[in-house]
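Understanding the architecture of this molecule
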Amino acid sequence: MKGWGWLALLLGVLLGTAWARRSQDLHCGACRALVDELEWEISRVDPKKTIQMGSFRINPDGSQSVVEVPYARSEAHLTELLEEVCDRMKEYGEQIDPSTHRKNYVRVVGRNGDSSELDLQGIRIDSDISGTLKFACESIVEEYEDELIEFFSRESDNVKDKLCSKRTDLCDHALHRSHDEL
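Computed from a prediction, not measured in an experiment: that's the story for all the values here.

Overview of the pairing of strand E4 (residues 103–107)
For E4, the buried fraction is high: five of the five residues fall into the buried class. Alternating positions in E4 separate into two faces, Lys 103, Tyr 105 and Arg 107 on one and Asn 104 and Val 106 on the other, with burial throughout. Sheet analysis places strand E3 (residues 92–96) next to E4, joined by five bridges and oriented antiparallel. Bridge pairing in E4 links Gly 93 to Val 106.

In structure tokens form, the structure reads like this:
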């Protein structure tokens, strides 16, 4: 009977490790997809478009402390994007990396709404995957909203690595490298 206890313990540890890796793959994939979608939406905004920021109160000298900032990376625009970005997770599928056996999440619908231009071989597409990815995305937005706004209002290079790996630890560096090599 003692042998069964050790076997049950070993099985529990193995299943726990597999679940943790699956959870990390999911949250890392959601973070990376979230960054891709936000970068895409920011790039679509006319760079000349601005928004007034600051206080609209009149100073004692009659002036106002209002400045114009680029709309694309403004807090107002980023907040608006964060409210709807996770809905796009339905446009992603799951792919298993054959060398690492880790899950990656890839866009399965082109930006123009067409999937004919994409290679979908080996990608699993179903509502469970997109629903789980959307939930993970929403959790990330809820937990890291301030960091997302901070990074996207200032940063423009290597946001995926800086945000998903270094700032939030949602991705380990080995997974980050294998995902980008795809």
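Once the structure has been displayed, the description carries forward.
Observations concerning the state of the cysteines
Here, the word disulfide means a covalent bond between the sulfur atoms of two cysteines. Under the criterion given, the structure shown has three disulfides. With its sulfur 2.0 Å from that of its partner, Cys 31 forms a disulfide with Cys 164. On the sign convention where negative means left-handed, the S-S torsion of about -90° between Cys 31 and Cys 164 marks this disulfide as left-handed. Of this pair, Cys 31 sits in helix H1 (residues 2–43) while Cys 164 sits in helix H4 (residues 159–167), placing them 133 residues apart in sequence.

Remarks on helix H3 (residues 127–154)
Between its terminal C-alpha atoms H3 stretches only 35 Å, short of the 40 Å expected from 28 residues at 1.5 Å a residue. Along its length, H3 reaches its greatest deviation from straightness, about 85°, at Tyr 144. Among the residues of H3, Ile 129, Ser 130, Leu 133, Ala 136, Cys 137, Ile 140, Val 141, Tyr 144, Leu 148, Ile 149, Phe 151 and Phe 152 are the ones counted as buried.

Regarding the environment of Cys 86
Residue placement: Cys 86 occurs in the loop between helix H2 (75–84) and E3. Spatially, the C-alpha atom of Cys 86 lies 8.8 Å from that of Ala 136, the residues being 50 residues apart in sequence.

Section: the nonpolar core
Ranked by internal contacts, the top residues of the largest apolar core, which has 36 residues, are Leu 34, Leu 38, Val 85, Cys 137, Val 141, Leu 148 and Phe 152. Listed by contribution, the elements that provide at least two residues to this core are H1, H2, H3 and H4. Ranked by the residues each element gives to this core, the list is headed by H3, at 11 residues. Sequence-distant contacts of Phe 152, that is, excluding residues within four places in its chain, are made with Val 35, Leu 38, Glu 39, Ile 42, Arg 73, Leu 78, Val 159 and Leu 163.

Focus on unusual backbone geometry
Residues other than glycine seldom take positive phi values, yet Asn 158 does so here, at roughly 55°. Tracing the backbone shows Asn 158 in the loop between H3 and H4. A relative accessible area of 55% means that Asn 158 is categorised as exposed.

Observations regarding the side chain of Thr 168
By the secondary structure assignment, Thr 168 is in the loop between H4 and helix H5 (173–180). Reaching out from Thr 168, the side chain makes a polar contact with the backbone oxygen of Cys 164 at a distance of 3.3 Å. Excluding residues within four positions of it along the chain, Thr 168 makes contact with Tyr 144 and Leu 163.

Cut-offs used in this document
- Residues numbered from 1 in each chain as written.
- Predicted model: local features only at pLDDT ≥ 70, side-chain atom pairs only at ≥ 80, totals over all residues.
- Heavy atoms only, no water.
- Buried < 20%, exposed > 50% of the residue type's maximum accessible area, 1.4 Å probe, protein only.
- Helix = DSSP H or I, 4+ residues; strand = E, 2+ residues; numbered from the N terminus.
- Pairing = 2+ DSSP bridges.
- Disulfide = S-S within 2.5 Å.
- Expected span 1.5 Å × (residues − 1).
- Bend = angle between axes of the 7 residues up to and from the residue.
- Core = buried A, V, L, I, M, F, W, Y, C linked by side-chain atoms within 4.5 Å.
- Contact = heavy atoms within 4.5 Å.
- Polar contact = N/O pair within 3.5 Å; in protein donor to acceptor, adjacent residues only side chain to side chain.

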